[in-house]
Amino acid sequence: MTSIPEQRTASTADLVNQAAGQVSTLVRDELALAKLELAEKGKRAGLGGGLFGGAAVLGLYGLGLLLAVAVAALDLVWPLWLAALVVMVVVFAAAGIAALMGRRKLKAAAPPVPAETIANVGADVRTVKTSVREGRS
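Residue numbers restart at each chain and count upward from 1, following the sequence in its written direction. Given that the model is predicted, a residue must reach a pLDDT of at least 70 before its local features are reported, and side-chain atom pairs must reach 80 or more before they are shown or counted; all residues, however, enter totals for whole chains, interfaces and linings. Note that water and hydrogens are dropped before the side-chain values are worked out from all heavy atoms of the structure.

Time to look at the overall build of the protein. Looking only at helices and strands, the protein has three helices and zero strands in total. Dimensions of the protein along its principal axes, counting C-alpha atoms only, are 110 × 60 × 20 Å. Only protein chains enter the accessibility calculation, which uses a 1.4 Å probe. A residue is then buried if its area is under 20% of the maximum for its type, exposed if over 50%, and partly exposed in between. Residues counted as buried form 2% of the 137 residues belonging to the protein. Counting every atom, the protein has about 12100 Å² of accessible surface; 70% of that belongs to carbon and sulfur. Every helix listed is a DSSP run of H or I at least four residues long, and every strand listed is a run of E at least two residues long, numbered separately from the N terminus. Accessible surface area values rest on a Shrake-Rupley calculation with a 1.4 Å probe, where residue burial reflects the displayed protein chains alone.

Structural data, given as structure tokens:
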């Protein structure tokens with residue numbers, strides 16, 4: 001015949017303490033895992049950003065070479081100084097257009113205040129105040 005082990009009944013306070021300890025351990029473990037995961041993703045993002053920066057530099061060199069080819073191609077038809085002048089004017093015109101478009105976009109974004117969010121928060125505060133007043137009466 002097998003003996004039935006004695007069952008110890010834990011008090012509610014003991015059970016609550018055990019649960020709190022287990023939750024605390026679980027939260028610490030999850031935070032440690034999150035730190036490791038974020039560190040790994042940060043390394044990947046740094047590497048990706050570096051590669052993207054390198055690609056931008058190479059693209060800039062490529063653009064310079066493309067402009068040199070444009071000057072060389074126009075040199076077949078015009079004198080070298082005129083070919084270089086035409087390419088320079090086209091590049092400066094493109095830069096000016098981009099600057100004007102960027103300025104227009106920046107003005108449209110100003111002021112950098114989240115007006116819609118501020119209005120929503122104000123409405124939320126008014127709703128809470130009204131609810132509190134109605135709850136008191």
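Here the narrative resumes.
By secondary structure assignment, the location of Lys43 is in helix α1 (residues 12–75). The exposure class assigned to Lys43 is exposed, which follows from its relative accessible area of 61%. Taking the C-alpha atoms as reference points, Lys43 and Thr117, 74 residues apart in sequence, are found 33 Å from one another.

Attention now goes to the pattern of salt bridges. Just to be clear on terms, a salt bridge is a Lys or Arg side-chain nitrogen sitting within 4 Å of an Asp or Glu carboxyl oxygen. By the definition in use, this model includes two salt bridges. Residue Glu37 is joined to Lys41 by a salt bridge in which the shortest nitrogen-to-oxygen separation is 3.5 Å. Of this pair, Glu37 and Lys41 both sit in helix α1, separated by four residues, roughly a single helical turn. What makes Glu37 partly exposed here is its relative accessible area of 44%. Note on Lys41: relative accessible area 47%, which makes it partly exposed. Close ionic contact of Arg44 with Glu40 constitutes a salt bridge, the shortest N to O distance being 3.7 Å. Taken together, the residues span about one helical turn, with Arg44 and Glu40 both in helix α1 at a distance of four residues. Given a relative accessible area of 37%, Glu40 falls into the partly exposed group.

Let us now look at a nonpolar patch on the surface. Together, Trp81, Leu85, Met88, Val89, Val91 and Phe92 give the surface a local cluster of nonpolar side chains, amounting to about 610 Å² of exposed area. Topologically, Phe92 is positioned in helix α2 (residues 80–109). When its relative accessible area of 58% is taken as the criterion, Phe92 is described as exposed. Patch membership requires more than 30% relative accessible area and the absence of a salt bridge. Residues of like charge join within 9 Å; the nonpolar side chains Val, Leu, Ile, Met, Phe, Trp and Tyr join within 5 Å.

Moving on, we get to the environment of Gly122. Secondary-structure assignment places Gly122 in helix α3 (residues 115–136). Measuring from C-alpha to C-alpha, the distance between Gly122 and Glu40 comes to 40 Å, with 82 residues separating the pair along the chain.

Bringing the packing of α1 against α2 into the picture now. Relative orientation of the contacting elements α1 and α2 amounts to 140 degrees, with a least axis distance of 8 Å. One finds that α1 runs oblique with respect to α2. The two elements α1 and α2 cross, and the hand of that crossing is right-handed. Listed contacts from α2 to Leu67, Ala70, Val71, Leu74 and Asp75 of α1 are Leu80, Ala83, Ala84, Val86, Val87 and Val91. For the contact of α1 with α2, the per-class residue count stands at ten nonpolar, no polar and one charged. Lines fitted to C-alpha atoms define the axes here, with helix axes fitted over just the stretch in contact, and angles between the N-to-C directions of these axes take values from 0 to 180 degrees. Oblique is the label for every angle not falling under 35 degrees (roughly parallel), over 145 degrees (roughly antiparallel), or within 65 to 115 degrees (roughly perpendicular). In this scheme, a crossing is called left-handed if the near helix is turned counterclockwise away from the far one by less than a right angle; it is called right-handed if the turn is clockwise. Contacts between residues were defined by any pair of non-hydrogen atoms, one from each residue, lying within 4.5 Å. Each residue gets one label: Ala, Val, Leu, Ile, Met, Phe, Trp, Tyr, Cys and Pro are nonpolar, Asp, Glu, Lys and Arg are charged, and the others, such as Gly, are polar.

In regions of low pLDDT, the predicted coordinates are not meant to be interpreted in detail. Confidence of the predictor at the level of single residues is given by pLDDT, which spans 0 to 100. Mean pLDDT for the protein: 87, with 92% of residues reaching 70 or above. When pLDDT is averaged over each helix and strand of the protein, the minimum, 79, is found for α3 and the maximum, 95, for α2.

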